[in-house]
Amino acid sequence: MAQRKTTEETTDQSYWSEYTNLQFIKHQLLKKYLDAWFPILSKFNGQVSYVESHAGRGKHIRGEPGSPIVALKSLLDHHYRDEILKNSSVGFYFIEKYSDSVKDLKDEIANLGELPKNVSYSIIQEDHEKVFQDICDRLDESPGAQLTPSFIFYDPYSFLMPVDKMTRLLQKSKCEILINFMWRYLNLAINNEQPGQVERLNSMFGDESWKNLRDVPKESRCDATLLLLKEKFKADHMWSVKMYDKKNVLKYVLVHFSNHPTAFNKMKDAAWSLAEHGDFRFWQSDDPNQETLLVAKPNLKPLHDAVLKKYGANQVHLHDTYEVVDLSPFRKPHYHSLLRELYKSKNLILHDQDKLVFSKNPLISFV
Ligand SMILES: C[S@@+](CC[C@H](N)C(=O)[O-])C[C@H]1O[C@@H](n2cnc3c(N)ncnc32)[C@H](O)[C@@H]1O
């Protein structure tokens, strides 16, 4: 049986003995996203998989559910559960290295009662890297093989697994990865070059390119790290939510990599739904200098600037301008409220209609 090292034991104990706002947010983001993911994916695919790399115990000491239960309950309590499961099956795969956690997790899942037909789960007691290596080996053995559409939640205490495995998985169609990592831990490793960690960083990034991150100023180093990972993973889309503590120190980063615009937009929606729960920031990969606060009433000036920059005073159909919104951290409802304000203040002109009705796709120009 795998035994935890002393430092890992301490980290594990303290992780499960508390339930911080950051842990709550991680679970909320997962839940909100899966609420949208299950119906979309199951509509087009017979089989979908939810995979967790570091499943954990299934319950915190104070009683709050861990991520495997959050994920299972997102499906079991889903408003459209029967429709989702009518033509598709959902497999949950929970990887956990340590037998004590595996036992606790089994008990917690059993407490959910009998699972509906077409829902299955499996707890894999193994090192996650070995499991993902086996998957990659099997994919290599049969070129052209595809994974079932999969959502991978990757939630380690320390480093990420080697870049080649992440890239292999992400290149499979409809596979996406949500990663939760401790920025402080990674940043310290990048700074200090301790023996043992250099090797881990080399394999996490695939080469020594991470060393250049040391020259990036402190305040933008996390963004530069995310960009480097996006490039290494060859992911088309990335969305990140950064979580700060009360002293405004960046603690955790939740980052989603995918190759599909729908996945990106759904993750964006899920993140905005957290706005009421605290001080989070979104960073848009195209514009590292512009962080957006995820708050109930965000400052929409960057969105206004973006449409002005793109269209100037030219006439354009409103629906065509949505492409700017898609590339921004903002959602369509934000854009609509900006347009209403601009119309009221006569900074938006309608050319072929009398009233601002979004669904009628008016010809507009900005002043
Ligand atoms: C951050 S906790 C997981 C929390 C869980 N995802 C949640 O949100 O409820 C990390 C877990 O990973 C497990 N673990 C540590 N090293 C592992 C490895 N190499 N492979 C798989 N699991 C591992 C630990 O036992 C611990 O339960």
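This is a predicted model, so every value here is computed, not measured.

## Examining the packing of helix α8 (residues 183-192) against helix α9 (residues 197-205)
- Where α8 meets α9, the axes come as close as 9 Å, and the angle between the chain directions of the two elements is 110 degrees. By the angle between their directions, the pair α8 and α9 is classed as roughly perpendicular. Judged by the twist between their axes, the crossing of α8 over α9 is left-handed. Between α8, through Y185, L186, A189 and I190, and α9, the contact on the second element is made entirely by Q197, L201 and M204.
- In the contact of α8 with α9, the residues fall into six nonpolar, one polar and no charged.

## Things to note about the site of the ligand
- In the vicinity of the ligand, 22 residues are found, and the nearest of them are R4, H27, S67, E96 and D155.
- One of the side-chain nitrogen or oxygen atoms of K26 is found 3.0 Å away from an oxygen atom of the ligand.
- For the ligand, the protein covers 96% of the area, taking 610 Å² as the surface of the free molecule.
- Those elements that place two or more of their residues in the shell around the ligand are α1 (6-17) and α2 (21-44).

## Remarks on the sheet that holds strand β12 (residues 363-366)
- Ordered by their spatial adjacency, three strands build an open sheet running β10-β12-β11, and the pairing between neighbours is antiparallel. In this open sheet, the two strands that pair with only one neighbour each are β10 (316-317) and β11 (348-350).
- Looking at chain direction, β10 and β12 are connected through two bridges and run antiparallel. Bridging from a neighbouring strand, V316 pairs with I364 of β12.
- Across the face of the sheet, helix α14 (residues 332-344) comes into contact with β11 and β12 while running at roughly 85 degrees to β11.

What counts, and at which threshold
- Here the residue index of a chain counts from 1 through its sequence in written order.
- The model is predicted, so local features are restricted to residues of pLDDT at least 70 and side-chain atom pairs to those at 80 or more, both for listing and for counting; the totals for chains, interfaces and linings are taken over all residues.
- The basis for the side-chain values is all heavy atoms of the structure; hydrogens and waters are excluded.
- Orientation is described by lines fitted to C-alpha atoms, with helices fitted over the stretch in contact, and by angles between N-to-C directions that extend from 0 to 180 degrees.
- Put simply, DSSP marks the helices as runs of H or I at least four residues long and the strands as runs of E at least two long, and each gets a number from the N terminus on.
- Oblique is the label for any angle not under 35 degrees, not over 145, and not in the 65 to 115 range, which are roughly parallel, roughly antiparallel and roughly perpendicular in turn.
- Two helices crossing with the near one rotated counterclockwise from the far one by less than a right angle form a left-handed crossing, whereas a clockwise rotation gives a right-handed crossing.
- Two residues qualify as a contact provided that any one of their heavy atoms is within 4.5 Å of a heavy atom in the partner residue.
- In this classification, Asp, Glu, Lys and Arg are treated as charged, Ala, Val, Leu, Ile, Met, Phe, Trp, Tyr, Cys and Pro as nonpolar, and every other residue, Gly included, as polar.
- To be near a molecule or strand, a residue needs just one of its heavy atoms within 4 Å of it.
- Think of a polar contact as two N or O atoms within 3.5 Å of one another; within protein, one of them needs to be a possible hydrogen donor and the other a possible acceptor, and neighboring residues in sequence only count if both atoms come from side chains.
- Where accessible areas are quoted, they stem from the Shrake-Rupley method and a 1.4 Å probe; at the residue level, only the protein chains shown are allowed to cover.
- Any two strands are treated as partners once DSSP identifies two or more bridges connecting them.

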